[in-house]
Structures are given as structure tokens and as C-alpha cells.
Amino acid sequence: MGQYKRSWFLVIIGMVFATMGIFSCIVPGILTDGIRILIGFLNIIGGGVLLIGLYLPMHDTGGPVAVPPVFKKLRVTQTMLNGVAIVFGITMLIPGLAPGLVIAGILVINGLLLFVLAGILRKMP
């Protein structure tokens, strides 16, 4: 899968989120609602952008193209993963929408889909 060069902007955003998380663990209750809202928006936006990028063609391919089965599995897995991210984001924005066990189930499904995605990426040519 290779290396990914991170920009300073991305590193700073990561540090801000880590700082907020550390602070909320030390002093519980102060940043909890803000972090929950940020997590919700980031999951919805991230899942939506990736879904749009997955299904909105960037250019015309000139007609139907035969797609290998591994790419079909990859696309289905990515679609499910982005859908789960959006559902998780919605449950973060609307407290009480889903009980804690349902949210835990969503996170378990997300983790399992990430393992499936990693397995598919290892099989790619």
C-alpha cells in the first residue's frame, strides 16, 4: 500500500485532536460534546466524499469495461465501509438515536470491514 506523505496541516490537525482527547480524559465532561460533534461531522463528510469519489466518474472511459472480481469486492467493501461511517456519524450527532450497544455494533462492523478491506488490498495485483 506504500507510504503516504503527510502535510504539516494534517499533522497539526492530528495533534489538536489528540490534545483534545487527552484533555477530555484528564478532565472529563468539558470537551465531550464538542469532540462528539466533530467526530460526527468528520465521519459523515469523510464517508460522503469517499462515496461520491467512488461512484462519480472523473472522466469518460469510452464504454463498458470488464472489471475483475477483486475490484468488484473492493468497491462493495468500500461502499459498505463508507455507509457505516456515515451511520456512525449520524449517531454521534443525534444523541439518543441509537443505544450504546448499537453504536458498539456499528464500530465492530467498521473494524471487521477494515480487516476485509486489508485482505482484499493484499490480493490486488
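Before any of the text, the structure's been laid out above.
Everything numeric in this text was worked out from a predicted model, so none of it was measured.

Here the focus is the environment of Ala85. Of note, Ala85 is situated in helix H3 (residues 69–93). Residue classification places Ala85 among the buried positions, given a relative accessible area of 17%. Separated by 20 residues in the primary sequence, Ala85 and Val65 have C-alpha atoms spaced 29 Å apart.

All right, on to the nonpolar core then. Listed in full, the 11 residues of the largest apolar core are Leu74, Leu81, Val84, Phe88, Met92, Ala98, Ile103, Ile106, Leu113, Leu117 and Ile120. When contributions to this core are tallied by element, the ones reaching two or more residues are H3 and helix H4 (100–123). Non-local contacts of Leu81, meaning those with residues more than four positions away in its chain, are made with Asn110, Leu113, Leu114 and Leu117.

Here is what the cut-offs are and how they apply
Residues numbered from 1 in each chain as written. Predicted model: local features only at pLDDT ≥ 70, side-chain atom pairs only at ≥ 80, totals over all residues. Heavy atoms only, no water. Helix = DSSP H or I, 4+ residues; strand = E, 2+ residues; numbered from the N terminus. Buried < 20%, exposed > 50% of the residue type's maximum accessible area, 1.4 Å probe, protein only. Core = buried A, V, L, I, M, F, W, Y, C linked by side-chain atoms within 4.5 Å. Contact = heavy atoms within 4.5 Å.

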